[in-house]
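Survey of secondary and tertiary structure
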Amino acid sequence: GAGVSQSPSNKVTEKGKDVELRCDPISGHTALYWYRQRLGQGLEFLIYFQGNSAPDKSGLPSDRFSAERTGESVSTLTIQRTQQEDSAVYLCASSLWRSAADTQYFGPGTRLTVL
Amino acid sequence: AQSVTQLDSQVPVFEEAPVELRCNYSSSVSVYLFWYVQYPNQGLQLLLKYLSGSTLVESINGFEAEFNKSQTSFHLRKPSVHISDTAEYFCAVSALSGTYKYIFGTGTRLKVLA
């Protein structure tokens with residue numbers, strides 16, 4: 001079956017521009033997570049969706065970052081006024097969210113480069 | 001709050017040799033533990049996970065990890081590695097309640113040499 005997909009796979013932008021990153025989770029997965037992986041660092045949690053609501057936004061690094069989810073499906077992560085420190089691979093994951101034992105399935109990521 | 005430490009950023013090992021990738025965690029609540037693998041140019045895939053019961057868990061490709069509660073460790077081992085095991089390995093924990101978000105270590109790059 002189809003896994004988690006993300007687009008674009010690569011995005012190069014200039015400092016100060018806005019970018020939108022898209023995630024299509026596995027059909028039927030109610031939980032959706034965004035993580036960020038900066039060079040030489042581990043994956044950092046950004047935000048979590050249960051259905052269309054986001055009860056945990058604790059990992060968003062600044063108010064330039066926002067995310068939404070619609071139809072309990074697609075999610076978009078938006079970064080406004082991008083900075084060079086935003087350069088990273090942004091990963092999306094989804095799970096059934098019945099318990100912490102449920103596996104999170106990851107997409108291939110979007111590599112963002114801010115010049 | 002939880003944290004995960006993977007002290008070895010890179011581990012080179014010759015083919016058919018054994019390997020151990022270390023993972024230590026800190027948490028004030030009970031957690032589940034996971035190892036994910038990222039092969040070159042591919043996404044993260046679950047390798048194995050510890051939920052409860054036997055402290056030794058195995059994957060289908062010969063890796064195993066042992067949960068040690070007293071040492072708060074979840075080291076990954078393989079008795080004989082193959083070239084195809086070259087990848088980056090991430091240890092993660094998830095609290096048993098809340099949002100189930102993962103807290104990841106910084107990863108260990110395993111390079112298997114011929």
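What this report covers is the structure whose coordinates are included nearby. Along each chain, residues carry numbers from 1 onward, in the same order as the chain's sequence is written. Both sets of labels track the order of writing: A upward for chains, 1 upward for ligands. Residues qualify for local features only when their pLDDT is at least 70, as the model is predicted, and side-chain atom pairs are given and counted only at 80 or more; totals for whole chains, interfaces and linings, by contrast, use all residues. The basis for every side-chain value is the complete set of non-hydrogen atoms in the structure, without hydrogens or water.

1. What to know about the overall build of chain A
Helix and strand definitions follow DSSP, with helices as H or I runs of at least four residues and strands as E runs of at least two, each counted in order from the N terminus. A tally of helices and strands in chain A yields zero helices and eleven strands. In chain A, the succession of α and β elements from N to C terminus is β-β-β-β-β-β-β-β-β-β-β. In terms of C-alpha radius of gyration, chain A reaches 13 Å, essentially the compact-globule figure of 13 Å for 115 residues. Accessibility here uses a 1.4 Å probe with only protein chains present; expressed as a share of the type maximum, an area under 20% marks a residue as buried, one over 50% as exposed, and anything in between as partly exposed. Burial statistics for chain A: of 115 residues in total, 49% are counted as buried. Under the convention used here, a 1.4 Å probe and the Shrake-Rupley method define accessible areas, while residue burial counts only the protein chains that appear. When the accessible surface of chain A is totalled, it reaches about 5300 Å², and 45% of it is carbon and sulfur. Charged residues are defined here as Lys and Arg on the positive side and Asp and Glu on the negative side; His and the ends of the chain fall outside this count. Here the site of a charge means NZ on Lys, CZ on Arg, CG on Asp, or CD on Glu. Each charge sign in chain A was given a centre, from 12 positive and 12 negative side chains, and these centres are 3 Å apart. Every radius of gyration here is taken over C-alpha atoms, with the globule rule written as 2.2 Å times N^0.38, N being the number of residues.

2. Considering the state of the cysteines
In what follows, a disulfide is any cysteine sulfur pair within 2.5 Å. All told, the structure shown has two disulfides over all chains when counted by the stated rule. Residue Cys23 of chain A pairs covalently with Cys92 of chain A via a disulfide, S to S 1.8 Å. Because the torsion about its S-S bond is -60°, the bridge between Cys23 of chain A and Cys92 of chain A counts as left-handed. Taken together, the residues Cys23 of chain A in strand E3 (residues 19-24) and Cys92 of chain A in strand E9 (residues 88-95) connect sequence positions 69 residues apart. Judged by relative accessible area, Cys92 of chain A falls into the buried class, the value being 0%. One disulfide bridge connects Cys23 of chain B with Cys91 of chain B, the sulfur atoms lying 2.0 Å from each other. On the sign convention where negative means left-handed, the S-S torsion of about -65° between Cys23 of chain B and Cys91 of chain B marks this disulfide as left-handed.

3. Focus: empty space enclosed by the protein
Of the grid points, spaced at 1 Å and generated over the protein atoms alone, those admitting a 1.4 Å probe that cannot get out make up cavities, while open sets with protein on both sides within 12 Å along at least five of seven lines make up pockets; any residue with an atom within 4 Å of a point is treated as lining. Grid points are joined across faces, edges and corners, and a volume is the space filled by probe spheres set on the points. Under the criterion given, the structure shown has one cavity of 30 Å³ or more. Each pocket or cavity is described by its volume, and for the largest cavity that value is around 40 Å³. Across the lining of the largest cavity, the residue classes tally to five nonpolar, three polar and one charged. Lys, Arg, Asp and Glu make up the charged group, whereas Ala, Val, Leu, Ile, Met, Phe, Trp, Tyr, Cys and Pro make up the nonpolar group; the residues left over, Gly among them, are polar.

4. Here's the deal with the sheet that holds strand E7 (residues 65-69) of chain A
Residue and element names in this part refer to chain A. When DSSP finds two or more bridges between two strands, those strands count as paired. Sheet architecture is open: four strands sit in the order E1-E3-E8-E7, paired in antiparallel fashion. Both edges of this open sheet fall to strand E1 (5-7) and E7, since each of them pairs with a single strand only. Across the sheet, the mean angle separating the axes of adjacent strands is 15° when strand polarity is ignored. Axis definition: a line fitted to C-alpha atoms, limited for helices to the stretch in contact. Angles are taken between N-to-C directions and run from 0 to 180 degrees.

5. Quick notes on the interface of chain A and chain B
By a frequent convention, interface size equals the accessible area lost on bringing the separate parts together. Contacts were defined at the residue level, with two residues in contact if any of their heavy atoms lie within 4.5 Å. Each partner contributes residues to the interface: chain A has 22 residues there, and chain B has 21 residues. When the two sides are added together, the surface that chain A and chain B hide from each other amounts to roughly 1700 Å², 60% of it contributed by carbon and sulfur. Criterion for a salt bridge: a side-chain nitrogen of Lys or Arg within 4 Å of a carboxyl oxygen of Asp or Glu. There are one salt bridge connecting chain A and chain B. For Asp56 of chain A, the salt bridge is made with Lys101 of chain B, and the minimal N-O distance between the two is 3.2 Å. In the analysis that follows, any N or O atom pair within 3.5 Å is treated as a polar contact, provided that within protein one partner can donate a hydrogen and the other can accept it, and provided that, for residues neighboring in sequence, both atoms belong to side chains. In this structure, the connection of chain A to chain B is made through eight residue pairs in polar contact (both at pLDDT 80 or more). A simple way to read buried area is as the amount of 1.4 Å-probe accessible surface that goes missing from two parts once joined, with both sides added.

6. With respect to the pairing of strand E2 (residues 10-14) of chain B
Residues and elements named next belong to chain B. Here E2 shows a buried face lined by Val11 and Val13 and an unburied face lined by Gln10, Pro12 and Phe14. With five bridges joining them, E2 and strand E12 (residues 108-113) adopt parallel strand pairing. From the neighbouring strand, Pro12 faces E12, where its bridge partner is Lys111.

7. Side note on the layout of surface pockets
Considered as a void within the structure, the largest pocket measures approximately 840 Å³ in volume. Listed by contribution, the elements that provide at least two residues to the lining of the largest pocket are E9 and strand E11 (110-114) of chain A together with strand E10 (87-95) and E12 of chain B. Ranked by residues supplied to the lining of the largest pocket, first place goes to E11 of chain A with four residues. Looking at side-chain class alone, the lining of the largest pocket contains ten nonpolar, 18 polar and five charged residues. Estimated volume of the second largest pocket: approximately 190 Å³.

8. Considering the side chain of His75 of chain B
All names here are of chain B. Position of His75 relative to the elements: it lies in strand E9 (residues 73-78). With a relative accessible area of 13%, His75 lands in the buried category. In terms of polar contacts, His75 uses its side chain to reach the backbone amide nitrogen of Cys23, at 3.0 Å.

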